[in-house]
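Each chain is listed here by its residues.
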Amino acid sequence: METRNLTCINCPMGCALTIEMEGNEVISVSGNTCLRGDAYGRKEVTNPTRIVTSTVRVTGGAADMVSVKTGQDIPKGKIFECVKALRDVEVQAPIHIGDVIVSDVAGTGVDVVATKNVESR
Amino acid sequence: MKNYDIVIIGGGPAGLAAAVSAKQSGIDSILILERDKELGGILNQCIHNGFGLHTFKEELTGPEYAERFIVQVKELGIEYRLHTMVLDIRSDKTVSAMNSEDGLFEIQAKAVILAMGCRERARGALNIPGYRPAGIYSAGTAQRLVNMEGYMPGREVVILGSGDIGLIMARRMTLEGAKVKVVAELMPYSGGLKRNIVQCLDDYGIPLKLSHTVVDIKGKERVEGVTLAQVDEKSKPIPGTEEFYSCDTLLLSVGLIPENEISRGMGVEMNPVTSGPKVNESLETNLEGVFACGNVLHVHDLVDFVSEEAAAAGRNAAAYVKETVNTSEEREIGLVATEGVRYTVPSIIRVAHMEDNLKVRFRVGSVYQNCFVSVYFDDERVLHRKRQVLAPGEMEEVKLSKEQFLQYPKLQKITFKIEEE
């Protein structure tokens, strides 16, 4: 049996989780103070995911950059590929929160959306 | 001279939430003064997610969180002026401000809400030897450059200080292709939130060296490298532990200081521990009708709590303007922070002015495990809450109810402390 120690990141409590595993099977999660900790621990050792945030260039806007995020969390192993896919993207103002900037980023099935409004200059 | 019921200094998260709540409390004449080109303050450069879990029960990025409040400010028709710098405020609440359109002008306010936020501690405050080459930035400056201006400050990075902005920037610069070699922290614990250490350092294999500091910066025109050394319990570098890291950039994330020049100028009394104003239960300073909230009052970890605190300041300022506060009883109870508790906000409670519930916020001075947060009403312990861990980087709160106070009519002081049992 394998034991993994993680810090839960669902809230600022940062509970110290202990996860017992048998191969790829989670046997138990302990140390959490709420159910979200249990779910996080199980997911983190089997299929860790993250929301990725970055920025892309804007042309003709009141600002030069617009902040973006993945609409949902994507596999941790896809983070760099996702950021790379955004590197040369340029969008035309106006941009509004929720506008799709890149669809199906890095083959994850998840869209990258704007998180800020940038009006035309 | 123009007159407003409430003038709010700063259009960041605190100013926005204070304005919305003052308006919802029935005040129509409100003006927000903001020096930047847009509302939202520092949230505009905080593009990472994790904001709003408490307020909106979802994870938003900084700009999205700000937008939720900006929309409300606009829908409620609250007036604001951008590009406007407040120069000073007199104790009679006359605000002097300037912008390029109106020039220098004065506004008379019935109540003022201070919501100017904070600034980063700079290199000059650290006494690091070495030349003054290019390539040394505060973490927040680097954040603005990368996220708003679209420039990368460097390629090989060392970060001094493990405050949240430094941790966030370690990840951000890594994603943008930089190599973040190490984060050094003077204290034996991190000043940042745990989840930031996990998501920004552990995820990317960036080492965090606790009890370490920068003892030398190499390079004359541009940073060429820094030397780290371990420090002893008195924070003095230990000879023989020096280690050289070549890098072109040094980011500093070594603390935030509330920006209170205007407050001091108008005669607001300060708390030397927080570097923010001393306030009572209404978040009112020693000057009647002058309120403070957000990072200008004390530095917060979570914007959700800034919004909550600022909403209280907005309601209280509205009540002050409307003169609905019952002032028959002016008994003042002092709050004392001792034995591990560094400060409390507020530091004075007037029971007659309390809302039904009051959140007292505080920070501890070092890391405590398996201990108790205790509150004493005079000599009687009224709260004894077990905690697995308490850390200076995470703000704590205790809720006191007005009802509780009515049972102690002779109460003189409330003491907050950390106890082992």
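Another aspect to go through is the overall build of chain A. Counting secondary structure elements, chain A contains two helices and ten strands. The order of helices and strands in chain A, counted from the N terminus, is β-β-β-α-β-β-β-β-α-β-β-β. Its C-alpha radius of gyration of 18 Å places chain A more than 25% over the 14 Å reference for a compact globule of 121 residues. Referenced to the eigenvectors of the C-alpha coordinate spread, the extents of chain A come out at roughly 60 × 30 × 15 Å.

The next point concerns the overall build of chain B. Secondary structure summary: chain B contains eight helices and 29 strands in total. Against the globule reference of 22 Å for 421 residues, chain B gives a C-alpha radius of gyration of 22 Å, in line with a compact fold. The dimensions of chain B, computed from C-alpha atoms along their principal axes, are 65 × 60 × 40 Å. Going through the 421 residues of chain B one by one, you find that 48% of them count as buried.

Attention now moves to the sheet that holds strand E16 (residues 243–246) of chain B. Residues and elements named next belong to chain B. Overall, antiparallel pairing links the three strands, which are arranged E14-E15-E16 in an open sheet. Each of the sheet's edge strands pairs with one partner strand only, and the pair in question is strand E14 (212–218) and E16. Here the average twist between neighbouring strands, direction ignored, is 30°. Bridge analysis of strand E15 (residues 225–230) against E16 gives four bridges, and the strand direction is antiparallel. Across the sheet, the residue bridging to Val 226 is Tyr 245, located in E16.

Right, let's get into the interface of chain B and chain A. Contacts between the two partners involve 22 residues from chain B and, on the opposite side, 20 residues from chain A. With four residues, the single largest contributor to the side of chain B that touches chain A is helix H5 (residues 194–201) of chain B. Split into classes, the residues belonging to the side of chain B that touches chain A amount to eight nonpolar, six polar and eight charged.

Residue and element names in this part refer to chain B. Looking at the element boundaries, Ala 337 is found in strand E22 (residues 332–337). In this structure the C-alpha to C-alpha distance between Ala 337 and Leu 145, which are 192 residues apart in sequence, comes to 39 Å. Every residue in contact with Ala 337, bar those within four places of it in the chain, is listed here: Arg 342, Tyr 343, Thr 344, Phe 362 and Phe 416.

Another aspect to go through is the nonpolar core. Residues and elements named next belong to chain B. By size, the foremost hydrophobic cluster in this structure holds 68 residues, and its most contacted members are Ile 6, Val 7, Ile 9, Ala 18, Ile 113, Ala 115 and Cys 293. Here this core takes eleven residues from helix H7 (residues 303–322), the largest share from any one element. Ignoring sequence-local partners within four residues, the contact set of Ile 113 consists of Ile 6, Ile 8, Ile 9, Ala 18, Phe 291, Cys 293, Ala 313, Gly 314 and Ala 317. Membership of the second largest hydrophobic core comes to 34 residues, among which are Val 158, Val 180, Ile 217 and Leu 250.

Next up on the list: the pairing of strand E27 (residues 380–390) of chain B. Residues and elements named next belong to chain B. Bridge count between strand E26 (residues 368–377) and E27: nine bridges; the pairing is antiparallel. Residue pairing in the sheet places Cys 371 in a bridge with Arg 387 of E27. From the end of E26 to the start of E27, which pair antiparallel, there are two residues, and Asp 378 there has a positive phi angle of about 50°.

Another point: the sheet that holds strand E11 (residues 156–160) of chain B. Residue and element names in this part refer to chain B. Pairing within the open sheet is parallel, and its five strands lie in the order E10-E17-E11-E12-E13. Where the open sheet ends on each side, the last strands, each with one partner, are strand E10 (136–138) and strand E13 (208–210). Mean inter-strand twist for the sheet, computed between neighbouring axes without regard to direction, equals 20°. For E11 and strand E12 (residues 179–185), the ladder comprises five bridges, and the chain directions are parallel. The partner of Val 158 across the bridge, within E12, is Val 182. With respect to the sheet, helix H4 (residues 164–175) is in contact with E11, E12 and strand E17 (249–252), its orientation differing from that of E12 by roughly 170°.

Glancing now at the packing of helix H1 (residues 13–24) of chain B against H7 of chain B. Residue and element names in this part refer to chain B. Packing of H1 against H7 leaves a shortest axis separation of 7 Å and a crossing angle of 40°. In terms of axis orientation, H1 runs oblique to H7. With respect to the hand of their crossing, H1 and H7 are arranged in right-handed fashion. Across the interface between the two elements, Pro 13, Ala 14, Ala 17, Ala 18, Ala 19, Val 20, Ser 21 and Ala 22 from H1 touch Val 303, Val 306, Ser 307, Ala 310, Ala 311, Ala 313, Gly 314, Arg 315, Ala 317 and Ala 318 from H7. Here the residues of the contact of H1 with H7 are counted per class, giving 14 nonpolar, three polar and one charged.

Next up on the list: the confidence of the model for chain B. Considering every residue of chain B, the mean pLDDT works out to 93; 99% of them sit at 70 or more. Interface confidence for the predicted complex, expressed as ipTM, amounts to 0.88; the pTM equals 0.91.

Let us now look at unusual backbone geometry. Note the cis peptide between Ala 93 of chain A and Pro 94 of chain A, where omega equals 0°. As for its placement among the helices and strands, Pro 94 of chain A is situated in the loop between strand E8 (90–92) and strand E9 (100–102). A cis amide bond links Val 345 of chain B with the next residue in sequence, Pro 346 of chain B, at an omega value of 5°. Tracing the sequence through the fold places Pro 346 of chain B in the loop between strand E23 (341–345) and strand E24 (348–350).

As a further point, take helix H1 (residues 35–46) of chain A. All names here are of chain A. Over its twelve residues, H1 extends 17 Å from the first C-alpha to the last, a length consistent with the 16 Å expected when each residue adds 1.5 Å. Every buried residue belonging to H1 is among Gly 37, Tyr 40, Gly 41 and Glu 44, and all of these are buried. Along the axis of H1, the buried positions cluster into a sector of 100°, meaning they face one direction only. Counted as exposed and oriented over 90 degrees from the buried face of H1: Leu 35 and Thr 46. Where H1 is buried, its residues contact strand E1 (2–7), strand E2 (16–22) and strand E3 (25–30).

Turning our attention to H5 of chain B. With six of eight residues buried, H5 of chain B lies mostly within the body of the structure. Of all the residues in H5 of chain B, the buried ones are Lys 194, Asn 196, Ile 197, Gln 199, Cys 200 and Leu 201 of chain B.

Residues and elements named next belong to chain B. Running from N to C, helix H3 (residues 139–149) and H4 point in directions that differ by 40°, and their axes come no closer than 9 Å. You can see that H3 and H4 cross each other, and the crossing is left-handed. Here Ala 139, Gly 140, Ala 142, Gln 143 and Val 146 of H3 lie close against H4, whose contacting residues are Ile 165, Gly 166, Met 169, Arg 172 and Met 173. Grouping the amino acids of the contact of H3 with H4 by side-chain chemistry returns six nonpolar, three polar and one charged.

Basis of the calculations
Residues numbered from 1 in each chain as written. Chains lettered and ligands numbered in written order. Predicted model: local features only at pLDDT ≥ 70, side-chain atom pairs only at ≥ 80, totals over all residues. Helix = DSSP H or I, 4+ residues; strand = E, 2+ residues; numbered from the N terminus. Rg over C-alpha atoms; globule rule 2.2 N^0.38 Å. Buried ≥ 20, exposed ≤ 12 C-beta atoms within 10 Å, placed from the backbone. Pairing = 2+ DSSP bridges. Axes fitted to C-alpha atoms, helices over the stretch in contact; angles between N-to-C directions. Contact = placed C-beta atoms within 7 Å. Nonpolar A, V, L, I, M, F, W, Y, C, P; charged D, E, K, R; others polar. Core = buried A, V, L, I, M, F, W, Y, C linked by C-beta atoms within 7 Å. Parallel < 35°, antiparallel > 145°, perpendicular 65-115°, else oblique. Left-handed = near helix turned anticlockwise from the far one by under 90°. pLDDT = per-residue confidence, 0-100. Expected span 1.5 Å × (residues − 1). Arc of directions from axis to C-beta.

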